[in-house]
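# Fold and geometry: a report
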Amino acid sequence: RLCRSTRMAVQQIELERFDVLKIQSIDTVSQSFYARCFVQLRLRGAKDRREAFVTFEDGTTESAEWFAGRIEVLNSFEHDSCKLIDEKPMVRDAGDDLLIQLRFEGRFAQPMDLHDFPFDSQELSIEFLIKCRVDGPVPTKVNVSPRVSCSLVDSGFAPRFPWRRKGG
């Protein structure tokens with residue numbers, strides 16, 4: 001489907017929250033790890049467009065829930081190795097905005113530097129992709145909110161392993 005020829009304003013999206021709920025099975029051989037996470041995104045000023053968030057050239061529309069389904073993990077270890085925990089992303093009202101909340105888990109690919117094995121330390125990353133072109137029906141710009149709440153939920157870690165979080 002093609003987008004309507006009139007240029008739509010860029011949808012402002014803020015990353016408000018990112019929580020790592022669990023990390024386990026860090027595998028240096030396959031260079032992967034298993035994690036469970038929670039992400040919250042704010043779509044600024046989108047409440048009035050919830051049911052017709054995207055309008056295509058043929059006049060059909062899709063909801064904000066459809067848009068939320070375009071958010072995927074970029075560094076999954078294998079195709080479909082990362083999945084939503086819930087049936088679909090949750091979209092709810094927040095004043096004039098919409099909040100998208102996703103909980104997902106799976107195996108993530110991570111290049112690892114093993115020069116000091118077994119005493120090395122690794123940085124683990126989780127990357128996302130919003131499958132909407134900048135010249136498509138919903139051009140987007142994602143910003144990290146200055147009020148962002150990112151956390152590592154320590155209770156998700158097995159105490160027998162020497163894992164330490166890095167940074168704040």
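The paragraphs below set out a description of the structure included in this document.

On to the pattern of salt bridges, then. Using the criterion set out here, one finds 9 salt bridges in the structure. For Asp-93, the salt bridge identified is with Arg-50, shortest N-O distance 3.1 Å. Of the two residues, Asp-93 sits in strand E7 (residues 90-94) while Arg-50 sits in the loop between strand E2 (32-43) and strand E3 (54-55), which places them 43 residues apart along the sequence. Take Asp-93: its relative accessible area is 38%, and that puts it in the partly exposed class. With relative accessibility at 19%, the residue Arg-50 sits in the buried group. Between Asp-86 and Arg-103 there is a salt bridge, with the nearest N and O atoms lying 2.7 Å from each other. Of this pair, Asp-86 sits in the loop between strand E6 (82-84) and E7 while Arg-103 sits in strand E8 (residues 97-109), placing them 17 residues apart in sequence. Linked through salt bridges whose partners overlap, the residues forming this network are Glu-14, Glu-16, Arg-42, Arg-44 and Asp-97.

On to the nonpolar core. Among the nonpolar cores identified, the biggest contains 30 residues, and Leu-43, Phe-67, Ile-100, Phe-108 and Ile-126 are the most heavily contacted of them. Secondary structure elements with two or more residues in this core: strand E1 (11-27), E2, helix H1 (64-68), strand E5 (71-73) and E8. If you tally residues by element for this core, the top one is E2, at 6 residues. Residue contacts for Ile-100: discarding those within four places in its chain leaves Val-39, Gln-40, Leu-41, Leu-43, Phe-67, Ala-68, Ile-71, Pro-89, Met-90 and Val-91.

Mapping Arg-147 onto the fold places it in strand E10 (residues 140-152). For Arg-147, a relative accessible area of 56% puts it in the exposed group. For the pair Arg-147 and Arg-17, spaced 130 residues apart in the sequence, the C-alpha separation amounts to 8.8 Å. Apart from residues no more than four positions distant in its own chain, Arg-147 is found in contact with Glu-14, Glu-16 and Arg-44.

What follows covers the packing of aromatic side chains. Considering all chains together, one arrives at 3 aromatic pairs under this definition. Summarising the aromatic geometry, the rings of Phe-33 and Phe-108 are spaced 5.4 Å apart at their centres and angled 20 degrees between planes, so their arrangement reads as stacked. In this pair, Phe-33 sits in strand E2 while Phe-108 sits in strand E8, placing the two residues 75 residues apart along the sequence. The residues Phe-33 and Phe-108 share a single accessibility class, namely buried. Geometrically, the ring pair formed by Phe-53 and Phe-67 is tilted, given 5.2 Å between the ring centres and 50 degrees between the ring planes. Separated by 14 residues along the polypeptide, Phe-53 in the loop between E2 and E3 and Phe-67 in helix H1 bring together distant segments of the chain. Each of the two residues, Phe-53 as well as Phe-67, counts as buried. An aromatic cluster is defined as three or more aromatic residues linked by ring pairs; in this entry it consists of Phe-33, Phe-104 and Phe-108. The lysine or arginine in question, Arg-107, covers the ring of Phe-77, its NZ or CZ lying 3.8 Å from the ring centre.

So, on to unusual backbone geometry. In this structure, Ser-25 takes a positive phi of about 55 degrees despite not being glycine. Here Ser-25 lies in strand E1. Positive phi values are uncommon outside glycine, yet Gln-31 reaches one of about 55 degrees. Along the chain, the position of Gln-31 falls in the loop between E1 and E2. Note on Gln-31: relative accessible area 27%, which makes it partly exposed.

Conventions adopted
- Residues numbered from 1 in each chain as written.
- Predicted model: local features only at pLDDT ≥ 70, side-chain atom pairs only at ≥ 80, totals over all residues.
- Heavy atoms only, no water.
- Salt bridge = Lys/Arg side-chain N within 4 Å of Asp/Glu carboxyl O.
- Helix = DSSP H or I, 4+ residues; strand = E, 2+ residues; numbered from the N terminus.
- Buried < 20%, exposed > 50% of the residue type's maximum accessible area, 1.4 Å probe, protein only.
- Core = buried A, V, L, I, M, F, W, Y, C linked by side-chain atoms within 4.5 Å.
- Contact = heavy atoms within 4.5 Å.
- Phe/Tyr/Trp six-rings, centres within 6.5 Å; stacked < 30°, edge-to-face > 60°.
- Lys NZ or Arg CZ within 6 Å of the ring centre and 35° of its normal.

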